[in-house]
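Chain by chain, the residues run as shown.
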Amino acid sequence: MKASFLPRPAVIREIIQQNAYIRTFRLELIDKTRPFTFLPGQFVMLSVPHLGEAAISLSSSPTALPLFDLSIRRAGSLTEAVHTMATGDQVGIRGPFGRAFPVEHFAGRDLLVVAGGIGLAPLKGVIDYCLYHQELGDDPVSGMTLLYGSRTPRDIAFQETLSSWQARGVDCRLTVDRAGDEWQGAVGLVTELLDNCTVTENTTALICGPPIMIRFVIAKLVSRGCGDKNIITTLERHMKCGMGICGHCHLDGKLVCVDGPVFTLAQLKKMDVMELG
Amino acid sequence: MLDYPERVLPKDNLIPLLRKLAKDARLIAPVRKSCGDTLFTEIVDVDNAVFDLKNKPQTSLKPFLLPQQEILAKYRVQDGEYTFSPPDAARPTIYFGVRSCDLTAVLYMDLIFSKPSRDATYFDRRNNSLIITLGCNDPLDNCFCESTGSGPYLEFGFGLQCIDLGESYFVSAGRRKGVDVLEKWGYFFRPVTEDDEQRRYQLFLEARGRFTRNVQVDHACRILQENPVPESLLEKLSSRCYDCGGCAYVCPTCTCFSVDDMELSKTNGLRIRSWDACTSSGFTRMAGGHNPVDRRRQALSRRFLHKLKHDFALHSKPSCTGCGRCVDICFGGVDITTFIDLLTASESV
């Protein structure tokens, strides 16, 4: 692969406010003469004028190309600046980078998607991708369950998406860490939702969220008999190049940007990572 | 395989040869500075330059092939458009007086910048370079290249390798560009005699006997393949590390970098690559402040493990070249030789 530090300009076509601090930016590359495609789980390096780059997961399915989504939580100076941008503004894109979720192996499987907060972003593309193929009758998954944890009801992101998924047959179960009386749903950690889920040999679990959540979800799935190869997570690390050169995402002999960000538990067990405690 | 030629360059012919070479390329060589240090420096005036081929240059070729700061891209933000353009092309450059350890480090950088992705900016510089090494007849303080298999002389990888025979240099070509020099400027050289070869071999054996440091690099690599680093050793080293990054900056094989934008005006700026050090606590910190590697001893051991464990597993050899610069620079004494000495000592108990 030829490494390029030259981003391609992309224009913001639409901005979707997901909650007070997460926005989805729907983008389109300006120059279409060079191909651009990806698989769910991959990420891009996003450039914002004068602020540099940040690694951001693709949160849409490639089936929606030429449009693609980046769902961004306001966390630092670059993401703060992205949140001030408007439709029609331009950003820079390099990528896609990293290993995707093994969607080619999902046919016939029961997908159990477990997400916390912005962690739903990289998994959203998987659900959209599988739904698209399911509705075409093309290698359908056996079923999809989403367990989604947020801090409070106001923090729940992707609300319209959740309603649409529910209508299209995804079993969406939400929980919040704390809530007032107006909240009718579950209160508690996302791991508690797992207690009421069926986990079988046919389950493939996909996990993304804060490291502490990943750790406890993995522990619970293992205790429920889910195999190491069927527990798949995606890790977040600081990155500068995305191409396996800069060294920032080095993880016990692996590089998250090229060897990941998607890892099975079987792979993680061979490394010293904080997500396993 | 190409049959790489060997010649002898009488010392009187060195400056005339460099004069010719410097006509078509930038010439970089070790120069003694007024403060008493030796640095690789661009030679503007070959005739009046003060070459220092005796002392260890404080820096390697890293500042030239991977500059401390360099432009990766230029950008413009104008009329609603955000566009990027590549940096200026590299100038042809000849490096003279490069030590075996530093050439070995360049070969390692070639690996890092070619797999899994090929870094165009690095290879633009690299492809425009000719490296002329100088085998070490007198290993210097803290040098241990014999323990890392990267000196005192080299077998391959150089454009030209010079061995100081006293009155002349024994010159071997190792790459096409080196062969070109021997062919184009053939009249500066004379053929190799049996005596020259004997003298070269004698000097090689003597050089190997002059190392004052014996560092068990290979043993340490093998220990690390199977075992974690003892906690007590990490505690000991981290208590003496001041997080200055000096070891990573002088290390010819530490290539970790950061990328940041430099705003020149509202409408344009530069994307800059600069050296970074995995030993610094901010190296892995993410937006919002979360840091998956928050203990200093983890950060410290990562640098040693990268060179002695992970690279050994990948390439069957460590990415330490035995140049000894981290030993020279670390005022806390937390250099790679201390780590290796303590690790191998703890293992043999």
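Basis of the calculations
Position labels on residues start from 1 in each chain and follow its written sequence. Labels follow written order: the first chain is A, the first ligand is 1, and so on. Selection of residues for local features in this predicted model requires a pLDDT of at least 70, selection of side-chain atom pairs for listing and counting requires 80 or more, and totals for whole chains, interfaces and linings are taken over all residues. An automatic or database domain assignment supplies the start and end points of every domain. We call two residues in contact whenever the C-beta atoms placed from their backbones are within 7 Å. Classification used: nonpolar for Ala, Val, Leu, Ile, Met, Phe, Trp, Tyr, Cys and Pro, charged for Asp, Glu, Lys and Arg, polar for all others including Gly. What counts as a helix is a DSSP run of H or I of at least four residues, what counts as a strand is a run of E of at least two, and both are numbered from the N terminus. Residue burial is a threshold on neighbouring C-beta atoms within 10 Å of the residue's own C-beta, all placed from the backbone, with 20 or more meaning buried, 12 or fewer meaning exposed, and counts in between meaning partly exposed. Whether two strands pair comes down to DSSP finding at least two bridges between them. In this analysis an axis means a line fitted to C-alpha atoms, helices contributing only their contacting stretch, and an angle means the value between N-to-C directions, from 0 to 180 degrees. Directions drawn from the helix axis to the C-beta atoms are what define this arc.

**Re the domain arrangement of chain A**
Residues and elements named next belong to chain A.
Here is step 1: Partitioning chain A into structural domains gives domain 1 (8-97) and domain 2 (103-234).
Here is step 2: For domain 1 versus domain 2, the separation of C-alpha centres amounts to 23 Å.
Here is step 3: Taken together, the 16 residues of domain 1 in the interface contact 16 residues of domain 2.
Here is step 4: Tallied by class, the residues present in the side of domain 1 that touches domain 2 amount to six nonpolar, nine polar and one charged.

**Concerning the environment of Gly188 of chain A**
Residues and elements named next belong to chain A.
Here is step 1: Along the chain, Gly188 falls in the loop between strand E11 (186-187) and helix H4 (190-194).
Here is step 2: Gly188 sits in the partly exposed class, given 13 other C-beta atoms within 10 Å.
Here is step 3: With 37 residues separating them along the chain, Gly188 and Arg151 place their C-alpha atoms 9.3 Å apart.

**Thoughts on the sheet that holds strand E3 (residues 22-29) of chain A**
The strands making up a sheet are joined through hydrogen bonds of the backbone, oriented either antiparallel or parallel.
Residues and elements named next belong to chain A.
Here is step 1: A sheet is described by the order of its strands in space; here six strands give the open sequence E5-E4-E7-E2-E3-E6, paired in antiparallel fashion. Because the sheet does not close on itself, it has two edges, and the strands there are strand E5 (52-57) and strand E6 (67-73). For this sheet the average axis-to-axis angle between neighbouring strands, irrespective of direction, equals 40°.
Here is step 2: Here E3 pairs with E6 via seven bridges, running antiparallel. Bridged to Phe25 within E6 is Leu70.

**Brief notes about helix H4 (residues 120-127) of chain B**
All names here are of chain B.
Here is step 1: Among the residues making up H4, those that are buried are Thr121, Tyr122 and Arg125. Here the buried residues of H4 occupy an arc of 100° about the axis, which is enough to place them on one side.
Here is step 2: Next to the buried residues of H4 lie helix H2 (62-65), strand E4 (69-78), strand E7 (118-119) and strand E8 (129-134).

**Some thoughts on the domain arrangement of chain B**
Residues and elements named next belong to chain B.
Here is step 1: Assigned domains of chain B: these are domain 1 (6-66 + 89-208) and domain 2 (217-257 + 294-348).
Here is step 2: Here the C-alpha centroids of domain 1 and domain 2 sit 27 Å apart.
Here is step 3: Taken together, the contacts link 20 residues of domain 1 with 16 residues of domain 2.
Here is step 4: The element that contributes the greatest number of residues to the side of domain 1 that touches domain 2 is helix H3 (residues 100-112), accounting for seven residues.
Here is step 5: Among the residues making up the side of domain 1 that touches domain 2, the classes are represented as nine nonpolar, nine polar and two charged.

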